[in-house]
Amino acid sequence: MKSHKIAVIAGDGIGPEVIGEGVKVLKAISELNPEINFEFTDFPWSCEYYLKTGKMLPDDGMKILEKFDAIYLGAVGYPGVPDHVSLWGLLLKIRKGFDQYINLRPVKLLEGAECPLKGVDRSRIDMIVVRENSEGEYAGAGDWLFKGKPEEVVLQTGVFSRKGTERVIRYAYELARKEGKTLTSISKANALNYSMVFWDQVFEEVGKEYPEVKTYSYLVDAACMFFVKQPERFQIVVTSNLFGDIVTDLGAAIAGGLGLAAGANLNPERTYPSMFEPVHGSAPDIAGQGKANPLASIWSVSQMLDFFGYESWGKAVLEAIEKVMTEKKSLTPDMGGTAKTNEVGDAVIKALGELAAGM
Ligand code: NAD
Ligand code: IPM
Ligand code: MN
């Protein structure tokens, strides 16, 4: 029996609250199917840890994490530590250090989820955003010259390597071909006259190897408009790091809210562990009150199960989430309910048990 080693970094704010529910779901799956086993190791790396030690993770932190099969992360960032310090010290360090160059974020209106768009039903919101996750606008390259002086200059350089651009675009073409779906590239070559001209060129070049994939290419501003007006235009979407960050919060908004949006940071070659996390942040405004919606982090558990090859369990977790949302008895306030975070987790586990009985 294979045991999957999972590093749990609950992080800050609502991170520990929502991650606790995801871990509960994984444990419930082990109970329902004793062939599947998980070993969890908790790490306290967070802003609180930083305030005590001056570091977001210890010097040998990446070496420790490297031995795990997956990382399950809550959220990072809390008032008291500047965001660029906490995020570069932990989340972005892991994404880059473990070459998790694919950020897979489904934007799918599940059964029972509320859509704020008038007259839009489930059939019209079903896409997967493939976000570049290792470079681009998040390369971290730049400088801050003449700090505090009148001639102060700040540079933030986007880095789009051929390798980095090709591999994410190729991944998206492969996915579109496998699923028989269209592929849309989101860029901005009219203004970003180097990086995005290059992006568009690579999208076209790689596309020659996939003549069967129908493609579209939109400027990011127009794409945002279409996300709201005609979300059915999008099936598989590929875009840069920053644009992917922005359009997936927009995607979350049209597909049930941030409390329901999940993401997987993948190192497809499996040289390093991949990391699973909700799209949302640490939500300091509701932290510690039991109000956090755990469904996003539970959906990322479903992505983890898919990644481990347990697709039928990944699907069952999504169906359990749908069951809980359709019944509407155990929902957190962001979804119009009064349930506590742990009650939603319990309801998902109950639904999963019922589904498993028929599996
Ligand atoms: P946020 O996603 O934490 O919160 C935005 C809004 O959505 C808030 O009103 C919050 O209450 C609500 N919300 C988010 N998740 C929710 C959930 N599960 N259930 C119910 N409501 C939820 O974004 P922010 O406020 O811009 O950022 C807060 C902190 O989190 C910052 O430090 C930011 O840098 C960090 N952040 C971290 C990650 C990450 O670690 N992956 C992602 C985004 C933001
Ligand atoms: C996300 C977050 C991160 C990002 C931040 C916290 C650095 O917003 O995962 O969407 O921009 O990638
Ligand atoms: Mn984001």
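Keep in mind that this is a model prediction, so the values were computed, not measured. (Residues numbered from 1 in each chain as written. Chains lettered and ligands numbered in written order. Predicted model: local features only at pLDDT ≥ 70, side-chain atom pairs only at ≥ 80, totals over all residues. Heavy atoms only, no water.)

Observations regarding the domain arrangement of the chain
- Partitioning the chain into domains gives domain 1 (1-102 + 259-359) and domain 2 (115-255).
- Between domain 1 and domain 2, the C-alpha centre-to-centre distance is 24 Å.
- Together, the buried faces of domain 1 and domain 2 total about 1200 Å²; carbon and sulfur atoms form 54% of this surface.
- At the surface where domain 1 touches domain 2, the tally comes to 2 salt bridges. (Domains from an automatic or database assignment. Buried area = accessible area lost by both parts, 1.4 Å probe. Salt bridge = Lys/Arg side-chain N within 4 Å of Asp/Glu carboxyl O.)

Quick word on the UniProt feature "domain: Isopropylmalate dehydrogenase-like" (unreviewed entry) in the chain
- Within the UniProt annotation, "domain: Isopropylmalate dehydrogenase-like" (unreviewed entry) is assigned to residues 5-348.
- Spanning residues 5-348, this segment combines 40% helix with 22% strand, and its end C-alpha atoms are found 23 Å apart. (UniProt positions renumbered as here; feature names shortened; annotations may be inferred. Helix = DSSP H or I, 4+ residues; strand = E, 2+ residues; numbered from the N terminus.)

Remarks on the site of ligand 2
- Inspection of the region around ligand 2 gives Leu87, Leu91, Arg95, Arg105, Arg131, Tyr138 and Asp245 as its neighbouring residues.
- A distance of 2.7 Å separates an oxygen atom of ligand 2 from a polar atom in the side chain of Arg95.
- Between Tyr138 and ligand 2, the recorded distance is 2.5 Å, taken from a side-chain N or O atom to an oxygen atom.
- Protein coverage of the free-state accessible area of ligand 2, which is 320 Å², stands at 76%.
- The greatest single-element share of the shell around ligand 2, amounting to 3 residues, is contributed by helix α4 (residues 83-97).
- Here the residues of the shell around ligand 2 are counted per class, giving 3 nonpolar, no polar and 4 charged.
- When residues are assigned to domains, the shell around ligand 2 turns out to be shared by domain 1 (1-102 + 259-359) and domain 2 (115-255), each giving three or more. (Near = heavy atom within 4 Å. Polar contact = N/O pair within 3.5 Å; in protein donor to acceptor, adjacent residues only side chain to side chain. Areas by Shrake-Rupley, 256 points an atom, 1.4 Å probe, with all protein chains shown as cover. Nonpolar A, V, L, I, M, F, W, Y, C, P; charged D, E, K, R; others polar.)

Describing the environment of Pro333
- Locating Pro333 in the fold gives a position in the loop between α10 (311-327) and α11 (341-357).
- Once the C-alpha coordinates of Pro333 and Ala292 are considered, the two residues, 41 residues apart in sequence, prove to be 8.2 Å apart.
- Setting aside anything within four residues of it in sequence, one finds Pro333 in contact with Lys291 and Ala339. (Contact = heavy atoms within 4.5 Å.)

Describing the pattern of salt bridges
- Enumeration according to the criterion identifies 20 salt bridges in this entry.
- Salt-bridge contacts for Glu48 lead to Lys52; the nearest nitrogen and oxygen are separated by 4.0 Å. Of the two residues, Glu48 and Lys52 are both situated in helix α2 (residues 47-53); the distance of 4 residues between them amounts to about one turn of the helix.
- Residue classification places Lys52 among the exposed residues on the basis of a relative accessible area of 67%. (Buried < 20%, exposed > 50% of the residue type's maximum accessible area, 1.4 Å probe, protein only.)

Notes on the pairing of strand β10 (residues 236-239)
- Burial along β10 is two-sided: Ile236 and Val238 facing one way and Val237 and Thr239 facing the other are all buried.
- Where strand β8 (residues 183-187) lies against β10, 4 bridges are found, and the strand directions are parallel. Across the sheet, residue Ser185 finds its bridge partner in β10, namely Val238. (Pairing = 2+ DSSP bridges.)

A look at the side chain of Lys188
- Note that Lys188 resides in the loop between β8 and α6 (195-207).
- In this structure Lys188 touches Met196, Leu219, Val220, Asp221 and Phe243, once residues within four positions along its chain are discounted.

Quick notes on the side chain of Glu137
- Within the element layout of this structure, Glu137 appears in strand β6 (residues 136-145).
- Although buried, Glu137 forms no salt bridge, and the nearest oppositely charged side chain, Arg131, lies 7.4 Å from it.
- Polar contacts involving the side chain of Glu137 include one to the main-chain amide nitrogen of Asn241, which spans 3.4 Å.
- From its side chain, Glu137 meets the backbone nitrogen of Leu242 in a polar contact 3.0 Å long. (Lys, Arg positive; Asp, Glu negative; His and termini not counted.)

Concerning the site of ligand 1
- Ligand 1 sits among 20 residues. The nearest are Val76, Asp83, Gly281, Ala283 and Asp285.
- Between a nitrogen atom of ligand 1 and a side-chain N or O atom of Glu277, the distance comes to 3.1 Å.
- In this structure, His280 approaches ligand 1 through a side-chain N or O atom, which is 3.2 Å from a nitrogen atom.
- Among the residues forming the shell around ligand 1, the class breakdown is 10 nonpolar, 6 polar and 4 charged.

Here we look at the environment of Val206
- Within the secondary structure layout, Val206 lies in helix α6.
- Considering only alpha carbons, one finds Val206 and Ala139, 67 residues apart in sequence, at a separation of 23 Å.
- The residues contacting Val206, other than those within four sequence positions of it, are Glu166, Ile169, Arg170 and Tyr173.

Some points on a nonpolar patch on the surface
- A surface patch of nonpolar side chains, about 310 Å² in accessible area, is lined by Leu145, Phe146, Val153 and Leu155.
- If you trace the backbone, Leu155 turns up in strand β7 (residues 153-159).
- Take Leu155: its relative accessible area is 41%, and that puts it in the partly exposed class. (Patch = residues over 30% accessible without salt bridge, like charges linked within 9 Å, V, L, I, M, F, W, Y side chains within 5 Å.)

Brief notes about the packing of helix α9 (residues 295-307) against α10
- Here α9 crosses α10 at 160°, and the two axes come no closer than 6 Å. Classified by the interaxial angle, the pair formed by α9 and α10 is roughly antiparallel. At the point where α9 passes α10, the crossing takes the left-handed sense. Of α10, the residues touching α9 (which contributes Leu295, Ile298, Trp299, Ser302, Leu305 and Asp306) are Glu311, Trp313, Gly314, Lys315, Val317, Leu318, Ile321 and Met325.
- Within the contact of α9 with α10, the residues separate by chemical class into 9 nonpolar, 2 polar and 3 charged. (Axes fitted to C-alpha atoms, helices over the stretch in contact; angles between N-to-C directions. Parallel < 35°, antiparallel > 145°, perpendicular 65-115°, else oblique. Left-handed = near helix turned anticlockwise from the far one by under 90°.)

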